[in-house]
Amino acid sequence: KDASQKASLKTKQKAVAKENVNKAVKSKSNQTAKKESTNIAIAKPPLAVRRLVTELFPEVKTKDIEWSWEVPHKIYEAEFMLDGISHEVEITVTGHHLLTEQNIPVDLVPLNLQKEVKTKYKQFMVDSAEIVSLGNGKRHYELDLKNKRDEEISKTVLIWPNGMIREESDDTLY
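Cut-offs applied
Residues numbered from 1 in each chain as written. Predicted model: local features only at pLDDT ≥ 70, side-chain atom pairs only at ≥ 80, totals over all residues. Heavy atoms only, no water. Helix = DSSP H or I, 4+ residues; strand = E, 2+ residues; numbered from the N terminus. Buried < 20%, exposed > 50% of the residue type's maximum accessible area, 1.4 Å probe, protein only. Contact = heavy atoms within 4.5 Å. Areas by Shrake-Rupley, 256 points an atom, 1.4 Å probe, with all protein chains shown as cover. Salt bridge = Lys/Arg side-chain N within 4 Å of Asp/Glu carboxyl O. Pairing = 2+ DSSP bridges. Axes fitted to C-alpha atoms, helices over the stretch in contact; angles between N-to-C directions. Polar contact = N/O pair within 3.5 Å; in protein donor to acceptor, adjacent residues only side chain to side chain. Arc of directions from axis to C-beta.

It is worth spelling out the overall build of the chain at this point. Helix and strand counts for the chain stand at three helices and eight strands. For the chain, the α and β elements follow one another from N to C terminus as α-α-β-β-β-β-α-β-β-β-β. For the chain, buried positions account for 31% of its 174 residues. Residue pairs in contact within the chain that sit at least 24 positions apart in sequence constitute 39% of those at least 6 positions apart. Accessible surface, the chain: about 12100 Å² in total, of which carbon and sulfur atoms supply 52%.

Have a look at this one:
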């Protein structure tokens, strides 16, 4: 009886091991496909998309723009440095400007907005900041916060000039 139980256990262990290998292979291929879809697979976005970036930022050279997908086959992202500041511009495939993000020093966030964040998130400190300019002309700040006691804990908050604060999540639409 012990021998048959051992044989049955070994068979189950082999099946579990095989299933784990299959899951790992499938996961790796999904990760590869995802990576390939986020790295733009084309040499040049459409003319309307390229033109919009050069209209918004005429001083940037097209050779200095790195293109990728923000949302594969729907939203392009143009990344570049300008005057030592990192910029990201998101544009639909049809050439509609969605938003521009510019990294800024934290001390350029207005003091009243910094105070609002410090009051609401006492256990956090501002780690980095961006100005987000939407295609419709509205602007807000995006602040990355780190927990003062545990730097592994972080939050991203959006704060508008009127002091309204929202925590960013995966489904945040500006």
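To continue, consider the pattern of salt bridges. On inspection of all chains with the given rule, the structure shows two salt bridges. For the salt bridge of K63 with D64, the shortest nitrogen-to-oxygen distance reads 3.4 Å. A salt bridge links K155 to E167; the shortest N-O distance between them is 3.4 Å. Taken together, the positions of K155 in strand β7 (residues 154-159) and E167 in strand β8 (residues 165-167) put the pair twelve residues apart, joining distant regions of the chain. According to the relative accessible area criterion, K155 is partly exposed, its value standing at 26%.

Reading across the sheet, the eight strands line up as β1-β2-β3-β4-β5-β6-β7-β8 and stay open at both edges, with antiparallel pairing between neighbours. Looking at which strands have only one partner, the edges of the open sheet turn out to be β1 (66-71) and β8. Taking each pair of neighbouring strands and ignoring which way they run, the sheet shows an average axis angle of 25 degrees. Here strand β3 (residues 85-92) pairs with strand β4 (residues 97-104) via five bridges, running antiparallel. By the bridge assignment for β4, E88 is matched with E101. This element, helix α2 (residues 47-56), spans β1, β2 (75-82), β3 and β4 of the sheet and lies at about 140 degrees to β3.

A word on the side chain of H97. If you trace the backbone, H97 turns up in strand β4. Here the side chain of H97 touches T100 through a polar contact of 2.8 Å, side chain to side chain. Each residue touching H97, except ones within four places of it in the same chain, is listed here: L52, L56, V89, E90, S133 and G135.

By the burial criterion, the buried members of helix α3 (residues 111-120) are L113, Q114 and V117. Buried positions in α3, seen along its axis, are confined to an arc of 100 degrees and lie on one side of it. What points out from α3, more than 90 degrees from its buried face, is the exposed set L111, K115 and K118.

The subject of this paragraph is unusual backbone geometry. Comment: phi is negative for the bulk of residues other than glycine, and the bulk of peptide bonds are trans. One non-glycine residue, H73, lies in positive phi territory at about 65 degrees. As for its placement among the helices and strands, H73 is situated in the loop between β1 and β2.

Before going further, it helps to spend a moment on the pairing of β4. Counted between consecutive antiparallel strands, the loop separating β3 from β4 contains four residues, among which G95 sits at a positive phi close to 95 degrees. Across six bridges, the pairing between β4 and strand β5 (residues 124-134) is antiparallel. Within β5, the residue paired with N103 across the bridge is E130.

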